[in-house]
Amino acid sequence: MPSLEYLTVAEALQLVLDGVRPLPSERVPLLDALGRVLTEPVVARDSLPPFANSSMDGYALRAADVQDAAPDNPVTLRVLADIAAGATADVTLTAGTAVRIMTGAPLPPGADAVVPVEDTDEAWRDAQRPLRAQVQIRRAVQPGAYVRRVGEDVLAGTAVLPAGRLLRPQEIGVLASLGVAQVPVVRRPRVGILATGDELIDVEAPLAPGKIRNSNSYAQTAQVLALGAAPVALGVARDTEADVRAKLQAGLDAGVDLFVSSAGVSVGVYDVVTAVLASAGNMGFWRVRMRPGKPLAFGAYQGVPYLGLPGNPVSAMVSFERFARPAILKLAGHTRLERPQVEVTLQEEIHSDGRESYVRAVVTRAPDGYTAVTTGSQGSHVMTSLVKANALLIVPEGVTYVAPGEQVTALMLDWPTTVF
Ligand code: AMP
Ligand code: MG
């Protein structure tokens, strides 16, 4: 049996993070880049807007022509043309003329401003009606009014997005405007998910004496998917070394970037994962001073990073949250690896055994900050208290009691991670 090391959560996390490196880059279609990390800066090939255009439906004109215009002193201009969005007009404005223009249509040469249709004598636009020969302008405007200048948003040749930037919907939109159809991003981590145990049956199977359904494979697969990574199903290994080896070989053949297994990493007689890893891997077997959690294996199996989670469903999910999630985010090129955290005021007392505790709780906003109540039984097999929770309250190592009204840090499970 391998020797066991006692570690704090911070020490264990550091060792896990030291064991993984960001994956290489690949070029993917624009929408496939959502939620991923850019690997090269994006320099604008074009300006945005690419041409000066109107921000209103109205009349393009020369501001000087209407400088005295007012509701009781309309200025009459001759209408030369009608420019719809997507069209261009082969006209140049001269003194006393205007062009009817739609939002997004290019400003014709000679025009330096737009007057919205509401400030003219045109009651409403009607495609059936022929273009009028004249229009009355009832308002003065400054040069540049209602005109979107070339490059007002982005100037051609400038860097718009730096390498390392997480691509959110707004970045996808900017890349589309700039004509970037293929985006260089960090490859999605392939995470091999392995459950172990003779007691496990699949979700469709009827219960049988001594058997339980394999929930961990589904929960960890969902956790991987929620990170935008690619799960690779390695099934259930029975409690034999040969089966564990075969399932891990399938993962190696599939080219996984990280193994995540659950159960079998304690030092029980049937903890065959420990035995396989200890003989074939470069592994550490830890007792992490956390609750839920505790047994954790980390290292490399045949050169591939390996994280062995505890078997109890809540311990597996919380250990994934604390160790696998940051490791997968690091593989995917992210630099922000932590969930958002807030300080919350406890509404009830919490007892702990002195290990760093992750207490399932509901955090709500109160007039003077955030408050928290726990979600009931904190047993490491009680999934429903995790289902009810939107946060994990962190009771620090060495603390055995927190009184009502005291502040603790909450790890917010459902808040999106921000980039900046
Ligand atoms: P072990 O680490 O193998 O001692 O497992 C600890 C506890 O977790 C036992 O009660 C197991 O039955 C349970 N467990 C292990 N694997 C799974 C799984 N894939 N799904 C649900 N429960 C599991
Ligand atoms: Mg087991």
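Look up a bit, the structure's there.
Taken together, 14 residues surround ligand 1, and among them Glu199, Asn214, Ser215, Gly311 and Asn312 come closest. Contact with the protein chains hides 74% of the accessible area of ligand 1, taken as 490 Å² for the molecule alone. Sorting the residues of the shell around ligand 1 by element identifies strand 13 (190–196) and strand 15 (212–213) as the ones contributing at least two each.

Time to look at the pattern of salt bridges. All told, the structure shown has 18 salt bridges when counted by the stated rule. A salt bridge links Glu171 to Arg168; the shortest N-O distance between them is 2.7 Å. The class for Glu171 is buried, based on a relative accessible area of 4%. You can call Arg168 partly exposed: its relative accessible area is 21%. Ionic pairing is found between Arg355 and Asp353, a salt bridge with its closest N-O pair at 2.9 Å. Under the relative-accessibility criterion, Asp353 is labelled partly exposed at 41%.

This part covers the sheet that holds strand 17 (residues 258–262). The sheet built from 7 strands is open, its strands ordered 1-18-20-21-17-13-16 with mixed pairing. On the outer flanks of this sheet lie strand 1 (5–7) and strand 16 (230–237), each paired with one strand and no other. Averaged over all adjacent pairs, the angle separating strand axes in this sheet is 25°, with direction ignored. Taken together, the 3 bridges between strand 1 and strand 18 (residues 281–288) define a ladder with parallel strand orientation. Paired with Tyr6 across the two strands is Arg287, which belongs to strand 18. Its contacts with the sheet put helix 5 (residues 272–280) on strand 13, strand 17, strand 18, strand 20 (295–301) and strand 21 (304–309), and the angle it makes with strand 18 is roughly 135°. Contacts from helix 6 (residues 313–331) reach strand 13, strand 17, strand 18, strand 20 and strand 21, with the element oriented near 165° to strand 21.

Moving on, we come to helix 6. Where helix 6 bends most, at Phe320, the angle is about 45°. Burial within helix 6 is extensive, with 18 of its 19 residues counted as buried. Remark: Gly333 follows helix 6 within two positions and exhibits a positive phi of approximately 90°.

Burial in helix 1 (residues 9–18) covers these residues: Val9, Ala12, Leu13, Val16 and Leu17. Buried residues of helix 1, seen end-on, are gathered within an arc of 130° and therefore sit on one face of the element. Opposite the buried face of helix 1, at more than 90 degrees from it, the exposed residues are Ala10 and Asp18.

Turning our attention to the side chain of Arg187. Tracing the chain through its elements places Arg187 in the loop between strand 12 (182–186) and strand 13. A distance of 3.0 Å separates the side chain of Arg187 from the side chain of Asp257, its partner in a polar contact. In this view, Arg187 contacts Leu23, Pro24, Ser25, Glu26, Arg36, Asp257 and Ala332; residues no more than four positions away in its chain are not counted.

The next subject is the sheet that holds strand 9 (residues 134–137). Spatial strand order, 8-5-7-6-9: 5 strands in an open sheet with mixed pairing. A strand with exactly one partner marks an edge of an open sheet, and here the two such strands are strand 8 (113–116) and strand 9. On average, adjacent strands in this sheet sit at an angle of 40° to one another, irrespective of strand direction. As defined by bridge partners, strand 5 (residues 58–61) adjoins strand 8 across 4 bridges and the pair is classed as antiparallel. The partner of Gly58 across the bridge, within strand 8, is Pro116.

For Asn390, the location among the structural elements is in the loop between helix 7 (384–387) and strand 26 (391–395). In sequence terms Asn390 and Ala372 are 18 residues apart; their C-alpha atoms lie 9.9 Å from each other. Once you skip the residues sitting within four places of it in the chain, Asn390 turns out to touch Ala361, Val362, Val363, Leu411, Met412, Leu413 and Asp414.

With that out of the way, let us pick up the environment of Tyr370. Inspection of the secondary structure assignment puts Tyr370 in strand 25 (residues 369–374). Separated by 40 residues in sequence, Tyr370 and Ala410 have C-alpha atoms that sit 9.5 Å apart. Not counting the four nearest positions on each side in its chain, Tyr370 is found in contact with Val342, Glu343, Val344, Thr345, Val363, Thr364, Arg365 and Trp415. Separated by 3.5 Å, the side chains of Tyr370 and Arg365 make a polar contact.

Calculation criteria
- Residues numbered from 1 in each chain as written.
- Chains lettered and ligands numbered in written order.
- Predicted model: local features only at pLDDT ≥ 70, side-chain atom pairs only at ≥ 80, totals over all residues.
- Heavy atoms only, no water.
- Near = heavy atom within 4 Å.
- Areas by Shrake-Rupley, 256 points an atom, 1.4 Å probe, with all protein chains shown as cover.
- Helix = DSSP H or I, 4+ residues; strand = E, 2+ residues; numbered from the N terminus.
- Salt bridge = Lys/Arg side-chain N within 4 Å of Asp/Glu carboxyl O.
- Buried < 20%, exposed > 50% of the residue type's maximum accessible area, 1.4 Å probe, protein only.
- Pairing = 2+ DSSP bridges.
- Axes fitted to C-alpha atoms, helices over the stretch in contact; angles between N-to-C directions.
- Contact = heavy atoms within 4.5 Å.
- Bend = angle between axes of the 7 residues up to and from the residue.
- Arc of directions from axis to C-beta.
- Polar contact = N/O pair within 3.5 Å; in protein donor to acceptor, adjacent residues only side chain to side chain.

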